[in-house]
Amino acid sequence: MARMSEQVRQLVGLENLLVKARRRFRECEREAAGAEHPRSEQYRAVIERISDQIHSADQGRLKEYLEYLERDLLPRMGTRVEETLDGMVESALEVVDGRHHVQELRHDYADALDRVRAVRERLGLDPFQPLDIRFGLGTHPPHADRRLREAFDLVKGYLRS
Amino acid sequence: MSSMRIGPGSDLFHARLTGKELNGADLRKANLALASLKEAKLVDARLAEAFLFAANLESADLTGADLHGADLSEADLFGANLRGANLKEADLRRSNLSLANLRGANLTGANLRDANLKGADLTDAQLEGADMTGAELGDGEADA
């Protein structure tokens, strides 16, 4: 386990909160089903403010953070991305049930890919490497691995249909 | 942070309020998302419809607080004292209420999906219409 400075720990904490806020924002959208959810704007604002805090971190901190990402977090990224993919699987299942439009699924999928590509780009890695290589970087738990494969198979199947 | 305004509708996003004395404070509809309120004193505080997403309320004293309709999703309420608090229709999904004191709390219609209630004291708590899907319950759950 790489040693983290307090500042980097704060950045990682903010990233985790960003994932949670995005998940809640998507839940609000789903719950409102096209109408305005009373909390949507608050979650949008939270996402923007956390993003601003991460982006406004000084170069030294960001460099340390990226090093931490590369050394320690990226190898475990399967677990982190799993959270996003859980949302995608959920959406896919809703499509199966005929309750959701496929366009939203495309959006979730594109969003997940963009985020992974952005991290890879910041680390100077090829952002367009095939997904199975990208997620095969480390030793995330077999459960996460299986879930990733299931999610991508499911989502790709729908995108092709 | 010294000039922060504390009142109804205040923007206290990510504010550091650890251990603060806020007993009886009127914070209705305030934005307290990500705020650090660890061990804060919020006895009888008015927090109806407050936005407390991912706030740290670990060991906070919220005895008798009004949290009606508040958004406490992802909040950390580990060991918090919520005795007699009004949490009617509060959003507590994925919150950590482990070892919290919820004796006599009103959780009517609250959303407790995937919340951690391990060791929480729910004696005499009102839970009519509360959604507890996926919530973790362990020692200390209501024995009614």
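Please read these numbers as outputs of a predicted model, since none were measured by experiment.

Asker: What should I look at first to understand the overall build of chain A in this one?
Answerer: When its secondary structure is counted, chain A shows 7 helices and 0 strands. Start at the N end of chain A and walk to the C end: the helices and strands fall as α-α-α-α-α-α-α. Going through the 161 residues of chain A one by one, you find that 22% of them count as buried. Within chain A, contacts between residues separated by at least 24 positions form 70% of all contacts whose residues are at least 6 apart in sequence.

Asker: I keep staring at the overall build of chain B and nothing clicks. Help me out?
Answerer: The number of helices and strands found in chain B is 0 helices and 2 strands. Taking all 144 residues of chain B together, 59% fall into the buried category. Of the contacts formed within chain B by residues at least 6 apart in sequence, a portion of 0% connects residues at least 24 apart.

Asker: Before we go on, may I ask you to explain the interface of chain A and chain B in this structure?
Answerer: Many analyses report the size of an interface as the accessible area lost when the parts associate. With 7 residues of chain A at the contact, the number on the chain B side is 9 residues. Here the side of chain A that touches chain B is built from residues that sort into 2 nonpolar, 1 polar and 4 charged.

Asker: Which parts of the structure should I look at to understand the nonpolar core?
Answerer: Here is a general trend for soluble globular proteins: nonpolar side chains tend to be buried in one another's company. Residues L32, A33, A35, A50, L52, A55 and L67 of chain B are the most contacted members of the largest nonpolar core, which totals 59 residues. Those elements that provide at least two residues to this core are α1 (6-32) and α2 (40-55) of chain A. If you tally residues by element for this core, the top one is α2 of chain A, at 3 residues. Residues in contact with A55 of chain B, not counting those within four places in the same chain, are L32, A33, L34, A35, L37 and A75 of chain B.

Asker: How should the confidence of the model for chain B be read in this particular structure?
Answerer: Atom-level detail of predicted coordinates should not be read off regions where pLDDT is low. All names here are of chain B. Mean pLDDT for chain B: 92, with 94% of residues reaching 70 or above. This model gives residues 140-144 a pLDDT under 50, and the stretch forms 8 contacts once residues within four places in sequence are excluded. For this predicted complex, the interface score ipTM comes out at 0.86, while the overall pTM is 0.68.

Asker: Even after reading the chapter, I still don't get unusual backbone geometry, so can you show me in this structure?
Answerer: Most peptide bonds take the trans configuration, and most residues that are not glycine carry a negative phi. Residue and element names in this part refer to chain B. Located in the positive-phi region is E49, a residue other than glycine, with phi close to 60°. Within the secondary structure, E49 is located in the segment before β1 (116-117). With 20 C-beta atoms packed within 10 Å, E49 lands in the buried category. Phi is positive for S59, which is not a glycine, with a value near 60°.

Asker: Help me understand the environment of M4 of chain B, please; the structure alone is not making it clear to me.
Answerer: Following the sequence through the fold, M4 of chain B ends up in the segment before β1. You can call M4 of chain B exposed: it has 11 C-beta atoms within 10 Å.

Asker: In this structure, what is going on with the confidence of the model for chain A? I would like to understand it.
Answerer: All names here are of chain A. Of all residues in chain A, 28% attain a pLDDT of 70 or more, and the chain-wide mean is 60. Confidence, expressed as mean pLDDT per element, reaches its minimum in chain A at helix α6 (residues 131-134) with 36 and its maximum at α2 with 86. Here residues 73-89 scores under 50 on pLDDT; set against residues more than four positions off or in separate chains, the count is 39 contacts. Note that residues 128-145 has pLDDT below 50 and, in this model, 20 contacts with residues that lie over four places away or in other chains.

Asker: Would you take a moment to explain the environment of A48 of chain B for this structure?
Answerer: Residue and element names in this part refer to chain B. Relative to the assigned elements, A48 resides in the segment before β1. On the basis of neighbour counts, which here come to 21 C-beta atoms within 10 Å, the residue A48 falls in the buried class. Along the primary structure A48 and A70 are separated by 22 residues, whereas in three dimensions their C-alpha atoms are 5.5 Å apart. Beyond its immediate sequence surroundings of up to four residues, A48 is in contact with R28, D66, L67, H68, G69 and A70.

Asker: Can you walk me through the environment of L127 of chain B in this structure?
Answerer: Residue and element names in this part refer to chain B. Tracing the sequence through the fold places L127 in the loop between β1 and β2 (136-137). Overall, the presence of 18 C-beta atoms within 10 Å leaves L127 in the partly exposed class. Distance from L127 to A110, taken between C-alpha atoms, is 7.7 Å for residues 17 residues apart in sequence.

Quick notes on the rules
Residues numbered from 1 in each chain as written. Chains lettered and ligands numbered in written order. Predicted model: local features only at pLDDT ≥ 70, side-chain atom pairs only at ≥ 80, totals over all residues. Helix = DSSP H or I, 4+ residues; strand = E, 2+ residues; numbered from the N terminus. Buried ≥ 20, exposed ≤ 12 C-beta atoms within 10 Å, placed from the backbone. Contact = placed C-beta atoms within 7 Å. Nonpolar A, V, L, I, M, F, W, Y, C, P; charged D, E, K, R; others polar. Core = buried A, V, L, I, M, F, W, Y, C linked by C-beta atoms within 7 Å. pLDDT = per-residue confidence, 0-100.

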